[in-house]
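Notes for the structure review
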Amino acid sequence: MDSIPYSAYPDDPLRQFDFYLPELPHLTHVPPLICFIHGGAWKSEDKRDHAQLARSLATATRCPVAVPNYRLTPRDNQDPSFRHPIHAEDILAFLVFVRKWRNQESAPFDPDSLVLLGHSCSAHMLSAIFLGSDQASLNPAQDLLRAVKGIVMSEGIYDLDALIARFPAYHQWFIEPTFGPSESYERFSALRYPLRPSSEISWLLLHSKGDTLIDLDQTRAMHSHLTQIAPLAVSINTEDLKEEHDDIFTSDTYLKIVSQFISKFM
């Protein structure tokens, strides 16, 4: 598979995406585009790690699936240019690009109907873009905001200070390299982001009972926040998934839950 560049740097593998077609074409109407954004603590993983998940999603939903890379924070990073919000800026650039990029003869999709899937740190990135963070570079245009119909966030990171309190080693491991040295990261908490004006996004939060890397309180707190700002468009499932943090993608349960959510937008 040839990766597709989405930036002005076509040779940068961290600013490219892979595209997967359903095995059977959707026969009734042009489908939404599913975009899966990988996790990895802002410092690891690659789009190819999730190739099997993307193929399974395409087959189960009959929707095309795009999986982007984004620039990662180096180990023991001291360079502010590799800190937040660089990762989310790349994802926003990818979303802007992919809505305009199309090979409609072989891969039709509705550019005004996107469903975004975030995992772990990418749940924080999607929250920063599609809720009202104070980062001006993460402000999506209204046409993109309207195009995103649904967001699924699994095993998400939302409150950095609470995460560090629960897992102190995470501070030096990936929080400080990603967000810089600080005694508090409250300004980066997704729990303080308001709903963007005119947003009609449906949200689904997932958390596995078997996850030992991110605690369930992260998802519960985000669910409480979202129900206060968007009460009619928020749902949560913390009962059905049983696997470890990344192993949820090997189960049929994740695929079934997400496919059912996506079916609302077909």
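As annotated in an unreviewed UniProt entry, the chain carries the name BD-FAE-like domain-containing protein and is attributed to Psilocybe cyanescens.

Summing up its helical and strand segments, the chain has eight helices and eight strands in all. Against the compact-globule benchmark of 18 Å for 266 residues, the chain has a radius of gyration of 17 Å, which places it among compact chains. Dimensions of the chain along its principal axes, counting C-alpha atoms only, are 55 × 40 × 35 Å. Looking at the chain as a whole, 55% of its 266 residues qualify as buried. Long-range pairs, those at least 24 residues apart, make up 78% of the contacts in the chain with a sequence separation of at least 6. Considering the chain, the positive charge centre built from 23 side chains and the negative charge centre built from 34 side chains are found 4 Å apart.

Within the secondary structure, isoleucine 175 is located in helix H6 (residues 170–179). Remark: the alpha-carbon pair of isoleucine 175 and tryptophan 42, spanning 133 residues in sequence, is separated by 8.8 Å. Not counting residues up to four positions away in its chain, the partners in contact with isoleucine 175 are Trp42, Leu160, Leu163, Ile164, Tyr170, Gly180 and Tyr185.

The next subject is the packing of aromatic side chains. The final tally for this structure, using the stated rule, is 17 aromatic pairs. Between phenylalanine 167 and tyrosine 170, the ring centres sit 4.8 Å apart and the planes meet at 15°, which makes this aromatic pair stacked. With a centroid separation of 5.3 Å and an interplanar angle of 75°, the aromatic rings of tryptophan 173 and phenylalanine 174 are classed as edge-to-face. Classification of tryptophan 173 as partly exposed rests on a relative accessible area of 46%. Assessed through its relative accessible area of 3%, phenylalanine 174 is described here as buried. The residue whose ring lies beneath arginine 166 is phenylalanine 167, and the NZ or CZ to ring-centre distance is 4.5 Å.

Turning our eyes to something else, we now look at the nonpolar core. In this structure, Phe130 and Ile175 are the most contacted members of the largest nonpolar core, which totals 58 residues. With seven residues, helix H3 (residues 121–130) is the single largest residue contributor to this core. Ignoring anything within four residues of it in the chain, the contact list for phenylalanine 130 reads Leu95, Leu116, Pro140, Leu144, Leu145, Val148, Ile151, Arg196, Ile201 and Trp203. Tyr20, Leu53, Ala54 and Phe261 belong to the second largest nonpolar core, which has 26 residues in total.

Reading guide: rules and limits
- Here, residues in each chain are numbered from 1, in the same order as that chain's written sequence.
- Given that the model is predicted, a residue must reach a pLDDT of at least 70 before its local features are reported, and side-chain atom pairs must reach 80 or more before they are shown or counted; all residues, however, enter totals for whole chains, interfaces and linings.
- As a rule here, side-chain values cover all heavy atoms of the structure and leave hydrogens and water aside.
- Counting from the N terminus, the helices are DSSP H or I runs at least four residues long and the strands are E runs at least two residues long.
- The atom set for the radius of gyration is the C-alpha atoms, and the globule formula is 2.2 Å times the number of residues raised to the power 0.38.
- Classification of residues uses two cut-offs on accessible area relative to the type maximum, computed with a 1.4 Å probe and protein chains only: under 20% is buried, over 50% is exposed, and between them is partly exposed.
- For this analysis, residues touch if any pair of their heavy atoms sits within 4.5 Å.
- Positive charge is attributed to Lys and Arg, negative charge to Asp and Glu, and no charge count is given to His or to the chain ends.
- Every charge is mapped to an atom, namely NZ of Lys, CZ of Arg, CG of Asp or CD of Glu.
- Ring pairs are drawn from Phe, Tyr and Trp, using the six-membered ring of Trp, whenever the two centres fall within 6.5 Å, and their geometry is named by plane angle: stacked under 30 degrees, edge-to-face over 60, tilted for the rest.
- Put simply, a charge is over a ring when the Lys NZ or the Arg CZ is close to the ring centre, within 6 Å, and near the line of the ring normal, within 35 degrees.
- Grouping buried Ala, Val, Leu, Ile, Met, Phe, Trp, Tyr and Cys residues that are joined through side-chain atoms within 4.5 Å yields what is termed a nonpolar core.

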